[in-house]
Amino acid sequence: MEQRNVIITGIQGAGKGTQSEILRDKYGFKHISTGNMFRIQYACGSSLGIEAHKYWSIGALVPDSITISLLKRHLSTDKNLLDGFPRTLPQAQALDDMLLETDRFITQVIALELSDESALQRIEIRQTCIHCGTVYGSAKQPALPNFCDICTAPLITRADDTTEKARTRIATYHSQTKPLIQLYSARDIVHHIDASLPPEQVAAHIVRALKL
Ligand code: ADP
Ligand code: ZN
């Protein structure tokens, strides 16, 4: 089978999670979100989850060693969609090495483009399902306010979605994660997508870019 190891990257609030859910449900990707994994690990009370929470709860990146070891356990053999990983150069190198062990490589990178101001506006109003991680916002509102359409669990505002922490995360994105786009551009595998459009339109552009 043709391998697909796709990275979806972009500023906080650009819609990585929303688009990943669409690609998972319609095209059978394994959605690998390090952010979701950290939240689940914390909810379960694992030692890794409690350690990682010290960082993400203040809007900082979790150390590379923790993040890389967690990711390693979840990479599948085909059709990986990496959401929120890599975010630093050491993570990008570790990912290349992990894939190379089984003769694989990153096939495409989707770079979602959104301004800082729009991102902050979206983050301020978004709500997340505590159970399944589905994200709601102005473009996708729950049928019953404050409860998830999919699993009926309550929706919350993520602890790191306050304006102050969101600003910290966005600054870190610009300094640490955005430079990775250059690395992948040199391989000619980056697709820049306008993320200010409604989710279905963004999804249509991604599907075309990935030739799905
Ligand atoms: P967002 O993209 O809005 O920051 P995520 O759910 O992807 O949301 O990530 C939430 C938090 O989890 C991040 O702010 C960070 O602390 C931590 N995290 C997720 N992925 C990584 C990673 N690859 N490296 C370090 N920390 C990460
Ligand atoms: Zn849910």
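As the structure is a prediction and not an experimental result, all values here were calculated from the model. (Residues numbered from 1 in each chain as written. Chains lettered and ligands numbered in written order. Predicted model: local features only at pLDDT ≥ 70, side-chain atom pairs only at ≥ 80, totals over all residues. Heavy atoms only, no water.)

(A) Representation of the coordination of the zinc ion (ligand 2). Within the protein, the atoms that donate to the zinc ion (ligand 2) are Cys129 (SG), Cys132 (SG), Cys148 (SG) and Cys151 (SG), at distances of 2.3 Å. Each of the four donor atoms around the zinc ion (ligand 2) contributes to a set of angles spanning 96 to 118°, which defines the coordination as tetrahedral. All donors to the zinc ion (ligand 2) come from one chain, and their sequence spacing reads C-x2-C-x15-C-x2-C. Within this pair, whereas Cys132 is found in the loop between strand 5 (127-129) and strand 6 (135-136), its partner Cys148 is found in the loop between strand 6 and strand 7 (155-156), the two being separated by 16 residues in sequence. By relative accessible area, which is 34% here, Cys132 ends up partly exposed. A relative accessible area of 4% means that Cys148 is categorised as buried. (Donors = N, O, S within 2.8 Å, 3.2 Å for Na, K, Ca; no water. Tetrahedral: all angles 85-135°; square planar, octahedral: opposite > 155°, others 65-115°. Helix = DSSP H or I, 4+ residues; strand = E, 2+ residues; numbered from the N terminus. Buried < 20%, exposed > 50% of the residue type's maximum accessible area, 1.4 Å probe, protein only.)

(B) Unusual backbone geometry, seen in detail. In this chain, Phe85 is followed by Pro86 through a cis amide linkage whose omega measures 0°. In this fold, Pro86 is placed in the loop between strand 3 (80-83) and helix 5 (89-100). In this structure, Lys79 is a non-glycine residue whose phi angle is positive, near 55°. Topologically, Lys79 is positioned in the loop between helix 4 (64-72) and strand 3. Look at Lys79 and you get partly exposed, because its relative accessible area is 22%. With a phi close to 65°, Thr152 is a non-glycine residue in the positive phi region. On the secondary structure map, Thr152 appears in the loop between strand 6 and strand 7. The exposure class assigned to Thr152 is exposed, which follows from its relative accessible area of 59%.

(C) Representation of helix 9 (residues 199-210) within the structure. Given a rise of 1.5 Å per residue, twelve residues ought to cover 16 Å, and the 16 Å separating the end C-alpha atoms of helix 9 matches this to within 8%. Among the residues of helix 9, Pro199, Val202, Ala203, Ile206, Val207, Ala209 and Leu210 are the ones counted as buried. The arc enclosing the buried residues of helix 9, seen along the axis, measures out at 160°, which places them on a common side. Away from its buried face, by an angle of more than 90 degrees, helix 9 presents the exposed residues Glu200 and Arg208. Lys211, located one to two residues past helix 9, shows a positive phi value of around 55°. (Expected span 1.5 Å × (residues − 1). Arc of directions from axis to C-beta.)

(D) Representation of the site of ligand 1. Near ligand 1 there are 19 residues, and of these Thr34, Ala60, Gly84, Arg87 and Arg169 occur at the shortest range. Arg126 places a side-chain nitrogen or oxygen 3.3 Å from an oxygen atom of ligand 1. The greatest single-element share of the shell around ligand 1, amounting to four residues, is contributed by helix 2 (residues 34-44). When its residues are assigned to classes, the shell around ligand 1 shows six nonpolar, six polar and seven charged. (Near = heavy atom within 4 Å. Polar contact = N/O pair within 3.5 Å; in protein donor to acceptor, adjacent residues only side chain to side chain. Nonpolar A, V, L, I, M, F, W, Y, C, P; charged D, E, K, R; others polar.)

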